[in-house]
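Structural overview for review
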Amino acid sequence: MADSAQAQKLVYLVTGGCGFLGEHVVRMLLQREPRLGELRVFDRHLGPWLEELKTGPVRVTAIQGDVTEAHEVAAAVARAHVVIHTAGLVDVFGRASPETIHEVNVQGTRNVIEACVQTGTRFLVYTSSMEVVGPNTKGHPFYRGNEDTLYEAVHRHPYPCSKALAERLVLEANGREVHGGLPLVTCALRPTGIYGEGHQIMRDFYRQGLRLGGWLFRAIPASVEHGRVYVGNVAWMHVLAARELERRAALMGGQVYFCYDGSPYKSYEDFNMEFLGPCGLQLVGARPLLPYWLLVFLAALNALLQWLLRPLVLYAPLLNPYTLAVANTTFTVSTDKAQRHFGYEPLFSWEDSRTRTILWVQAAGSSAQ
Ligand SMILES: NC(=O)C1=CN([C@@H]2O[C@H](COP(=O)(O)OP(=O)(O)OC[C@H]3O[C@@H](n4cnc5c(N)ncnc54)[C@H](O)[C@@H]3O)[C@@H](O)[C@H]2O)C=CC1
Ligand SMILES: C[C@H](CCCC(C)(C)O)[C@H]1CC[C@H]2[C@@H]3[C@H](O)CC4=CC(=O)CC[C@]4(C)[C@H]3CC[C@]12C
């Protein structure tokens, strides 16, 4: 990736490239990375849509593999210039065991780092999460904070614990000598709640609203702000960070960046209504319909039922003590660090992001009828 080799075509690897974010990163690279020569898409479950990408000018290599298998990761990383590591087990509902979440998110990330070191890949962008910071177990608000905001990050849930550990591994690996003698350059991007085309929870809320005759019921006070960011902008930020890591290695290496764009600050439910409203749903209640103590009780009941039923069936509803705490705690970011460090500007305006998401919800909803 030296200046003298401007014309050199680069090999990129995207782990988790068939997930919600990963697919957008893959498509964004193909559209907006002129130096791309080969794109390797690594995932445990490959999507059929990859086939259509194989007919374009860039060589697209689909690799079915598991990040917890070090040899599979090493084979995929070999001779890649850049790795974008988005693969992860996103589970805050108790579907997977804490051990599995740790294995995929922490050991999987360790495998990616070691593969870079062994094979001589120098540039690694890691998809971290706002959850690395908070909300913490004490429910402290994080109001329009940035990467330097002091906040007591206390985690107990396996998902944020695993993301925090993995992020630390990635940042500590910055500067390690890779095969060939040059230093590894790493950075971590921390999206807040991502929305956009492919967002399964949004689709589930839409279907639930349709089942309830077009109504959704407010559970969280409108005053609780929740940070959200459009998937296209998160993908764009990954592409830009990956592109700039070499030129700005001294500045960007070992750094974290929140993902942000022009999406408005709103409560989780009011924000969802920006898309679900135009699709015909209504949110009932200016205030939560149930008292908070009752939600806490129901969340605890769900947790108990999940535990009791586990030997028989997987019971994993949206409401549990952890999701309630996250949804009910203000967490919003306000920063320009990515702009200052690598020239990031959102590619999609809020209006574009909103329109694209509405069209997707409508299509996803009608295909479910
Ligand atoms: N969805 C969100 O709101 C946020 C997500 N993130 C992070 O973004 C990344 C992507 O998340 P999403 O796209 O939402 O999730 P997703 O579940 O849609 O995508 C994750 C992808 O990783 C793959 N994967 C899982 N385990 C694997 C394994 N053992 N080996 C290989 N591939 C494996 C899955 O098959 C899937 O395609 C994750 O690292 C997540 O922690 C961060 C902040 C917010
Ligand atoms: C499922 C929650 C909303 C339901 C609340 C209820 C039952 C009261 O209506 C979601 C609220 C906030 C979401 C999380 C947040 O966006 C931050 C995240 C970051 C990640 O890295 C992964 C996903 C998530 C934890 C996200 C998960 C769903 C919510 C808890």
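Residues numbered from 1 in each chain as written. Chains lettered and ligands numbered in written order. Predicted model: local features only at pLDDT ≥ 70, side-chain atom pairs only at ≥ 80, totals over all residues. Heavy atoms only, no water.

The name given to the chain in an unreviewed UniProt entry is 3 beta-hydroxysteroid dehydrogenase type 7, and the organism recorded there is Piliocolobus tephrosceles. Here the chain is described in UniProt, under the heading Sequence similarities (unreviewed entry), as follows: "Belongs to the 3-beta-HSD family." Listed under Subcellular location (unreviewed entry) in UniProt, the entry text for the chain is "Endoplasmic reticulum membrane". (UniProt positions renumbered as here; feature names shortened; annotations may be inferred.)

Glancing now at the overall build of the chain. Across its full length, the chain holds 13 helices and 13 strands. In terms of overall size, the chain behaves like a compact globule, its C-alpha atoms giving a radius of gyration of 21 Å where 369 residues would be expected to give roughly 21 Å. Within the chain, the proportion of its 369 residues that are buried is 52%. Taking the contacts inside the chain whose residues are at least 6 apart along the sequence as the reference set, 79% of them involve residues at least 24 apart. Accessible area of the chain: about 16,500 Å², with a carbon and sulfur share of 55%. (Helix = DSSP H or I, 4+ residues; strand = E, 2+ residues; numbered from the N terminus. Rg over C-alpha atoms; globule rule 2.2 N^0.38 Å. Buried < 20%, exposed > 50% of the residue type's maximum accessible area, 1.4 Å probe, protein only. Contact = heavy atoms within 4.5 Å. Areas by Shrake-Rupley, 256 points an atom, 1.4 Å probe, with all protein chains shown as cover.)

The full set close to ligand 1 counts 25 residues, and Leu21, Asp43, Asp66, Tyr159 and Lys163 are the nearest of them. Gly19 is positioned with one of its backbone polar atoms (N or O) 3.1 Å from an oxygen atom of ligand 1. Lys163 places a polar side-chain atom, nitrogen or oxygen, 2.8 Å from an oxygen atom of ligand 1. In isolation ligand 1 exposes 820 Å². Once the protein is present, 85% of that is buried. For the shell around ligand 1, the secondary-structure elements that each account for two or more residues are α1 (20-32), α5 (158-173) and β8 (193-195). Partitioning the shell around ligand 1 into residue classes produces 10 nonpolar, 11 polar and 4 charged. (Near = heavy atom within 4 Å. Polar contact = N/O pair within 3.5 Å; in protein donor to acceptor, adjacent residues only side chain to side chain. Nonpolar A, V, L, I, M, F, W, Y, C, P; charged D, E, K, R; others polar.)

On to the environment of Gly277, then. Locating Gly277 in the fold gives a position in the loop between α9 (268-276) and β12 (282-284). Classification of Gly277 as partly exposed rests on a relative accessible area of 30%. Between the C-alpha atom of Gly277 and that of Ile358, which follows or precedes it by 81 residues, the distance is 9.1 Å.

As recorded in UniProt, the feature "transmembrane region" (unreviewed entry) lies at residues 289-309. Along residues 289-309 the backbone is 86% helical and 0% strand, and the end-to-end C-alpha distance reaches 28 Å.

Throughout the structure, instances matching the rule amount to 17 salt bridges. A salt bridge links Arg27 to Glu52, with the shortest nitrogen-to-oxygen separation between them at 3.4 Å. You can see Arg27 sitting in helix α1 and its partner Glu52 sitting in helix α2 (residues 50-53), a full 25 residues away along the chain. Between Asp336 and Arg340 there is a salt bridge, with the nearest N and O atoms lying 2.9 Å from each other. The exposure class assigned to Arg340 is partly exposed, which follows from its relative accessible area of 47%. Salt bridges here are not isolated pairs; linked through shared partners, they connect Glu23, Arg27 and Glu52. (Salt bridge = Lys/Arg side-chain N within 4 Å of Asp/Glu carboxyl O.)

Right, let's get into the site of ligand 2. Around ligand 2, 15 residues are found, and the nearest of them are Ser129, Glu131, Tyr159, Gly193 and His226. Interatomic distance of 2.7 Å between a side-chain N/O atom of Ser129 and an oxygen atom of ligand 2. With respect to ligand 2, the side chain of His226 contributes an N or O atom lying 3.2 Å from an oxygen atom. Alone, ligand 2 offers 620 Å² of accessible surface; in the complex the protein occludes 89% of this.

Here strand β5 (residues 123-127) lies mainly inside the structure; 5 of its 5 residues are buried. Side chains Phe123, Val125 and Thr127 project from β5 onto one buried face, and the interleaved Leu124 and Tyr126 project onto a second face that is buried too. Relative to β5, strand β4 (residues 82-85) runs parallel, the two sharing 4 bridges. What sits directly across from Val82, in β5, is Phe123. For β5 and strand β7 (residues 185-190), the ladder comprises 5 bridges, and the chain directions are parallel. Residue pairing for β7: Phe123 is matched across the bridge by Val185. (Pairing = 2+ DSSP bridges.)

For the rest of this paragraph, the subject is the packing of aromatic side chains. Given two aromatic rings, their pairing is described by the distance between the two centres and the angle made by the two planes. What the rule picks out here adds up to 15 aromatic pairs. On the basis of an interplanar angle of 55° and a centroid distance of 5.7 Å, the ring pair of Tyr195 and Tyr230 is categorised as tilted. One end of the pair, Tyr195, is in strand β8; the other, Tyr230, is in strand β10 (residues 228-230), with 35 residues separating them in the sequence. Taken together, a centroid distance of 5.4 Å and an interplanar angle of 70° make the contact between Phe271 and Phe275 edge-to-face. Of this pair, Phe271 and Phe275 both sit in helix α9, 4 residues apart, roughly one helical turn. Both residues of the pair, Phe271 and Phe275, belong to the buried class. (Phe/Tyr/Trp six-rings, centres within 6.5 Å; stacked < 30°, edge-to-face > 60°.)

As summarised here, the arrangement of the 7 strands in space is β3-β2-β1-β4-β5-β7-β11, forming an open sheet in which the pairing is parallel. At either margin of the open sheet sits one strand with a lone partner, and together these are β3 (59-64) and β11 (255-258). Taken pair by pair, the neighbouring strands of this sheet meet at an average axis angle of 15°, ignoring direction. As defined by bridge partners, strand β2 (residues 36-43) adjoins β3 across 6 bridges and the pair is classed as parallel. Note that in β3 the partner of Asp43 across the bridge is Gln64. Relative to the sheet, α1 contacts β1 (10-15), β2, β3, β4 and β5, its axis offset from that of β2 by approximately 170°. In the packing of helix α3 (residues 70-77) onto the sheet, contacts are made with β1, β2, β3 and β4, and the angle to β2 comes to roughly 165°. (Axes fitted to C-alpha atoms, helices over the stretch in contact; angles between N-to-C directions.)

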